[in-house]
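Structural characterization, general
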Amino acid sequence: MNAKNSQSFVDDFMNYVKSKDPRQPEFHQAVHEVVESLADYLLDNPRYLHARILERLVEPERIIQFRVPWIDDRGKIQINRGFRVEMNSAIGPYKGGLRFHPTVNQSILKFLAFEQVLKNSLTSLPMGGGKGGSDFDPKNKSDNEVMRFCQSFMTELSRHIGAYTDVPAGDIGVGGREIGFLFGQYKRIRNEFTGVLTGKGVEWGGSLIRPEATGYGAVYFAKEMMSTRGESFAGKIVCISGSGNVAQYACEKVIELGGKVVTLSDSSGAIYDPDGIDTEKLAYVMELKNIHRGRIREYADKYGVQYMKGQRPWSIKCDVALPCATENEINKEEAEILTRNGCFVVAEGANMPSTEEAVRHFINTKILFGPGKAANAGGVAVSGLEMTQNSMRLAWSRKEVDDKLHSIMCNIHEMCVKYGKTTHDFTNYVKGANIGGFVKVANSMIAQGLV
Ligand code: GLU
């Protein structure tokens, strides 16, 4: 298909999306990346165009928005906004996390839900796509405030979700504590102990390896990409951003595979530890972040290393970059610095952490770039395995779950190569992931008729 045709196809489609929702830049960004990857494939396979699959994919099946009133510790009434975007249920119940962060709005959740549809399809498990959350900020809130908020949030959300309908999980700002409060309230309202959420505690229906899954999965994916060039993590310098759940377990797996992690960050700044974060220092980070809910600056104070206030870690020389914080955290300039410094692997642990210009730069320079919907699919994959275990009323061992996670990440890598290999020595993983995720959903939508 000639380039002019596919460019005008992309432009026309983006004009259509933007005219419907002009003020949703993150959603446009996510859709644009996918449509660019799919254009040639769609023009070569017109049955998807006739069925108007793309137009249907960008239209959420349902969006629920609701008021979340709660009372803070001073007795003051607080009002937040709650959402659930039920994007696509062609291959299974809606599945995707809840994000609690002040930036949450419809644009952010539609981008995340759209990504989730293709990501979940890549896992090969039967999960549709959704995403939800609230503009509630859990930072500096007491456990009681978080509980009251979660209970109010679930009081409304419980009408819309269910083990066979929509199964939320965690995302930024929603971890084990929040999932516990949400699950408790669902059970109380519905009088039903069911696998309605994933990321549950292992004592009450959760899966082993779920907390580790996104970080481990991103490293497994990076390892597969590296092996196509005869490389491995041994001796590699690795920059990780973030210091939450994804970053922590990515760090743990890199250490295990012999790499040296030299950075972590949070929204206030980054630390640079040239000696590498070892298991003991990582245990400190986990306690600092998960128990004390402290700031990464305290790591720099404790170990006497450099703190880069207000900065991201990408100026530090590395071989591998694992962005595990949030969207748009690597811009074009940072992407150029990374590759100039010799970085040849980027695997996205977060959702859409690289801007479109950064992605273009990584692809043009032919480094190994693993987009989030492939590289971070391990989290939702183990959520899918948690659903399986809940249905069976059985629990698998750590090794069983980890082996399954590993083989799912290898399959996703294979799928990306199948659809994204452009020359004998280069795979465009963005293209591979987008086409690979699309085909199953699109075929299922056609089979199920116009719904
Ligand atoms: N929030 C995670 C993601 O972005 C996990 C979702 C889930 O486990 O359902 O994929």
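All of the points below concern the structure found in this document. What you see is a predicted model, and the numbers here were worked out from it, not measured in a lab.

**Some details on the overall build of the chain**
In terms of regular secondary structure, the chain is built from 17 helices and 14 strands. In summary, the chain has a C-alpha radius of gyration of 21 Å against a globular reference of 22 Å for 451 residues, a match within 12%. For the chain, the spread of C-alpha atoms along the three principal axes comes to 65 × 55 × 45 Å. Split into buried and exposed, the 451 residues of the chain put 57% on the buried side. By element, 49% of the accessible surface of the chain is carried by carbon and sulfur atoms, the whole surface being about 18,500 Å². Across the chain, the 55 positively charged side chains and the 53 negatively charged ones have centroids separated by 3 Å.

**Let's talk about the sheet that holds strand β6 (residues 237–241)**
Through backbone hydrogen bonds, the strands of a sheet pair up, either in parallel or in antiparallel fashion. Pairing in this open sheet of seven strands is mixed, and the strands run β9-β8-β7-β6-β10-β11-β12 from one edge to the other. Looking at strand neighbours, the two that pair on one side only are β9 (306–309) and β12 (368–370), the edges of this open sheet. Direction aside, the axes of adjacent strands within the sheet are offset by 15° on average. Here strand β8 (residues 269–272) pairs with β9 via four bridges, running antiparallel. Each residue of the ladder has a partner; that of Gly-269, found in β9, is Lys-309.

**Considering the site of the ligand**
With respect to spatial proximity, 13 residues lie near the ligand, and among them Lys-95, Lys-119, Gly-170, Asp-171 and Ser-383 are the closest. In this structure, an oxygen atom belonging to the ligand sits 2.5 Å away from a side-chain N or O atom of Ser-383. Among the elements of the structure, β3 (94–100), α5 (106–122) and α15 (378–392) are those that each provide at least two residues to the shell around the ligand. A per-element tally of the shell around the ligand places β3 first, with three residues. The residue makeup of the shell around the ligand, split by class, is two nonpolar, six polar and five charged.

**What to know about the sheet that holds strand β2 (residues 77–88)**
Read from one edge of the open sheet, five strands run β1-β2-β4-β3-β5, paired in mixed fashion. The open sheet is flanked by β1 (62–71) and β5 (166–169), the only strands paired with a single partner. Sheet twist, expressed as the average angle between the axes of neighbouring strands with direction ignored, equals 20°. Of the strand pairs in this sheet, β3 and β5 are connected by four bridges, and their pairing is parallel. Across the sheet, residue Tyr-94 finds its bridge partner in β5, namely Asp-166. In the packing of α5 onto the sheet, contacts are made with β1, β2, β3 and β4 (129–134), and the angle to β4 comes to roughly 150°.

**Some thoughts on the nonpolar core**
With 57 residues, the main nonpolar core has Phe-221, Ile-240, Leu-322 and Ile-412 as its most contacted residues. Top contributing element to this core by residue count: helix α8 (residues 210–227), with eight residues. Membership of the second largest hydrophobic core comes to 40 residues, among which are Val-10, Leu-38, Met-87 and Ala-442.

**Section: the environment of Arg-293**
For Arg-293, the location among the structural elements is in the loop between α10 (279–291) and α11 (297–303). Judged by its relative accessible area of 46%, Arg-293 is partly exposed. As for Arg-293 and Pro-168, which are separated by 125 residues in sequence, their C-alpha atoms are 23 Å apart. If we ignore the near neighbours within four places in the chain, the residues touching Arg-293 are Arg-177 and Leu-288.

**Things to note about the pattern of salt bridges**
Using the criterion set out here, one finds 26 salt bridges in the structure. A salt bridge links Lys-289 to Asp-266, with the shortest nitrogen-to-oxygen separation between them at 3.0 Å. Placement of Lys-289 in helix α10 and of Asp-266 in strand β7 (residues 260–266) is noted, with a sequence separation of 23 residues between them. Taken individually, Lys-289 and Asp-266 each receive the classification buried, so the pair is uniform in this respect. Salt bridges sharing partners connect three or more residues here, namely Arg-99, Lys-131, Asp-171 and Glu-327.

**Notes on the pairing of β6**
For a regular strand, the rule is simple: side chains alternate between the two faces of the sheet. In terms of burial, β6 is largely enclosed, as four of its five residues are buried. Note: β6 against β7, three bridges, orientation parallel. Considered in β7, the bridge of Val-238 is made with Val-261. Running through helix α9 (residues 245–256), the crossover from β6 to the neighbouring parallel element β7 is right-handed. As judged from the four bridges shared by β6 and strand β10 (residues 320–323), these two strands associate in the parallel manner.

Quick notes on the rules
- Residues numbered from 1 in each chain as written.
- Predicted model: local features only at pLDDT ≥ 70, side-chain atom pairs only at ≥ 80, totals over all residues.
- Heavy atoms only, no water.
- Helix = DSSP H or I, 4+ residues; strand = E, 2+ residues; numbered from the N terminus.
- Rg over C-alpha atoms; globule rule 2.2 N^0.38 Å.
- Buried < 20%, exposed > 50% of the residue type's maximum accessible area, 1.4 Å probe, protein only.
- Areas by Shrake-Rupley, 256 points an atom, 1.4 Å probe, with all protein chains shown as cover.
- Lys, Arg positive; Asp, Glu negative; His and termini not counted.
- Charge placed at Lys NZ, Arg CZ, Asp CG, Glu CD.
- Pairing = 2+ DSSP bridges.
- Axes fitted to C-alpha atoms, helices over the stretch in contact; angles between N-to-C directions.
- Near = heavy atom within 4 Å.
- Polar contact = N/O pair within 3.5 Å; in protein donor to acceptor, adjacent residues only side chain to side chain.
- Nonpolar A, V, L, I, M, F, W, Y, C, P; charged D, E, K, R; others polar.
- Contact = heavy atoms within 4.5 Å.
- Core = buried A, V, L, I, M, F, W, Y, C linked by side-chain atoms within 4.5 Å.
- Salt bridge = Lys/Arg side-chain N within 4 Å of Asp/Glu carboxyl O.
- Right-handed = clockwise from strand over helix to strand, strands pointing away.

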